[in-house]
Amino acid sequence: MTAREAIAGAERRLASAGVDSPRVDAELLVAHVLGLSRTRLYADLDREVDGLEPLLARRERREPLAYVLGEWGFRRLTLKTDARALVPRPETEVVVERALALLDGTTSPRVLDVGVGSGAIALALKDERPDARVTGVDESDEALALARENADRLGLDVELRHGGLETAGSGWDLVVSNPPYVDTLEGLQPELRYEPEVALVGTGLHERLAEGARTRALVLEVGEGQAGGVARSLAELGYRDVRVTPDLAGIDRVVEGVR
Ligand SMILES: C[S@@+](CC[C@H](N)C(=O)[O-])C[C@H]1O[C@@H](n2cnc3c(N)ncnc32)[C@H](O)[C@@H]1O
């Protein structure tokens, strides 16, 4: 089967399975099997494709594309991705953007990422602010193992250790977090069933973290509809310059404040 035929067939199957972006996913899967970028694939549509079926079947069962491909782009990095940690999301790139803005003017800042997962935020911050002393904590040892593999692969020197919200209380220039903030997985897209529940389901973590944190600046990712409440909590806790930033879809996604 040629790449052209493989893409068309995969697109049909993924569309029937209810995948949101069947064409893009089909192209990325075929490109992956051929070891090409998606752009290069278009110069090579007559190439023979082998070994697509097992990957396509996994995506058809609605396993996240990032797990099927085994890697995923985040900011300037390509991270290893598997079921040990949440798939890094494009909206989380806005968290990194705001964190970098708040670090402007501070040299060798001490930065903590609470709930480091795959390492996405912590590693992107170290990559883009090499002078930062970055620590990432997580209560999941599996996520920490993946974050360590990513740090090693990328050659980024960050401290990774087991820890929870209390870690934020020891004095930082910046605390950043994308904590679990979904009430329930019921009714949400099936892909989420493959991700660790501890990474997704949680309530009140923003407020608890904001209350206990001893930090000059705090940057939090929030769920849709949560920004107003979290911003109010930050103001009540004495944070100044509280600001909400939308993601690329226009959803209020990041809340920050300084003390
Ligand atoms: C939404 S994921 C974020 C992962 C990564 N920072 C990202 O943005 O892709 C939340 C992470 O927080 C961790 N976590 C959940 N509750 C926690 C807690 N109380 N203390 C520390 N980590 C926690 C989970 O294991 C998970 O890795």
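In the block above lies the structure referred to throughout.
In this text, all values refer to a predicted model and were calculated from it rather than measured experimentally.

What counts, and where the lines are drawn
- Residues numbered from 1 in each chain as written.
- Predicted model: local features only at pLDDT ≥ 70, side-chain atom pairs only at ≥ 80, totals over all residues.
- Heavy atoms only, no water.
- Pairing = 2+ DSSP bridges.
- Helix = DSSP H or I, 4+ residues; strand = E, 2+ residues; numbered from the N terminus.
- Axes fitted to C-alpha atoms, helices over the stretch in contact; angles between N-to-C directions.
- Contact = heavy atoms within 4.5 Å.
- Near = heavy atom within 4 Å.
- Polar contact = N/O pair within 3.5 Å; in protein donor to acceptor, adjacent residues only side chain to side chain.
- Areas by Shrake-Rupley, 256 points an atom, 1.4 Å probe, with all protein chains shown as cover.
- Nonpolar A, V, L, I, M, F, W, Y, C, P; charged D, E, K, R; others polar.
- Buried < 20%, exposed > 50% of the residue type's maximum accessible area, 1.4 Å probe, protein only.
- Parallel < 35°, antiparallel > 145°, perpendicular 65-115°, else oblique.
- Left-handed = near helix turned anticlockwise from the far one by under 90°.
- Core = buried A, V, L, I, M, F, W, Y, C linked by side-chain atoms within 4.5 Å.

A. Summary view of the sheet that holds strand 3 (residues 110-114). The strand order across the open sheet built from 7 strands is 5-4-3-6-7-9-8, with neighbouring strands paired in mixed fashion. In this open sheet, the two edge strands, each paired with only one partner strand, are strand 5 (159-162) and strand 8 (240-246). Between one strand axis and the next, the sheet turns through 15° on average, direction left out of account. Note that strand 6 (residues 172-177) and strand 7 (residues 215-221) share 5 bridges and pair parallel. Residue pairing across strands places Ser 177 opposite Leu 220, the latter belonging to strand 7. On the sheet, helix 10 (residues 205-212) packs against strand 3, strand 6 and strand 7 and is oriented at approximately 175° with respect to strand 7. Relative to strand 9 (residues 252-258), helix 11 (residues 227-236) is tilted by about 5°, and along the sheet it contacts strand 7, strand 8 and strand 9.

B. Here's a closer look at the site of the ligand. Surveying the vicinity of the ligand reveals 17 residues, the closest of which are Gly 115, Asp 138, Gly 163, Asn 178 and Ala 199. Side-chain polar atom of Asp 138 to an oxygen atom of the ligand: 2.6 Å apart, as the coordinates give it. Against a free-state accessible area of 590 Å², the protein chains account for coverage of 94% of the ligand. Its residues assigned to classes, the shell around the ligand comprises 8 nonpolar, 7 polar and 2 charged.

C. Highlighting the pairing of strand 6. Within strand 6, 6 of the 6 residues are buried, leaving the element largely enclosed by the surrounding structure. Taken together, the 4 bridges between strand 3 and strand 6 define a ladder with parallel strand orientation. Paired with Leu 112 across the strands is Val 175, a residue of strand 6.

D. Highlighting the packing of helix 2 (residues 22-34) against helix 4 (residues 53-60). Where helix 2 meets helix 4, the axes come as close as 10 Å, and the angle between the chain directions of the two elements is 150°. Here helix 4 runs roughly antiparallel to helix 2, going by the angle between their axes. Considering only the axes of helix 2 and helix 4, their crossing is right-handed. Seen from helix 2, the contacting residues are Asp 25, Leu 29, His 32 and Val 33; seen from helix 4, they are Leu 55, Leu 56 and Arg 59.

E. Molecular detail of the nonpolar core. By size, the foremost hydrophobic cluster in this structure holds 32 residues, and its most contacted members are Val 96, Val 111, Leu 123, Leu 125, Leu 160, Leu 174 and Val 219. For this core, the secondary structure elements donating two or more residues are strand 2 (77-80), helix 6 (92-103), helix 7 (120-128), helix 8 (141-154), strand 6, strand 7 and strand 9. The greatest single-element share of this core, amounting to 7 residues, is contributed by helix 6. Sequence-distant contacts of Leu 160, that is, excluding residues within four places in its chain, are made with Val 116, Gly 136, Leu 144, Ala 147, Arg 148 and Ala 151. Formed by 21 residues, the second largest nonpolar core is a distinct cluster that contains Leu 14, Ala 26, Ala 31 and Leu 69.

F. Quick look at the packing of helix 1 (residues 3-16) against helix 4. Contact geometry for helix 1 and helix 4: axes closest at 9 Å, N-to-C directions at 25°. By the angle between their directions, the pair helix 1 and helix 4 is classed as roughly parallel. At the point where helix 1 passes helix 4, the crossing takes the right-handed sense. Contacts between helix 1 and helix 4 involve Ala 10, Arg 13 and Leu 14 from the first element and Glu 53, Leu 56, Ala 57, Arg 59 and Glu 60 from the second. Taken together, the residues of the contact of helix 1 with helix 4 break down into 4 nonpolar, no polar and 4 charged.

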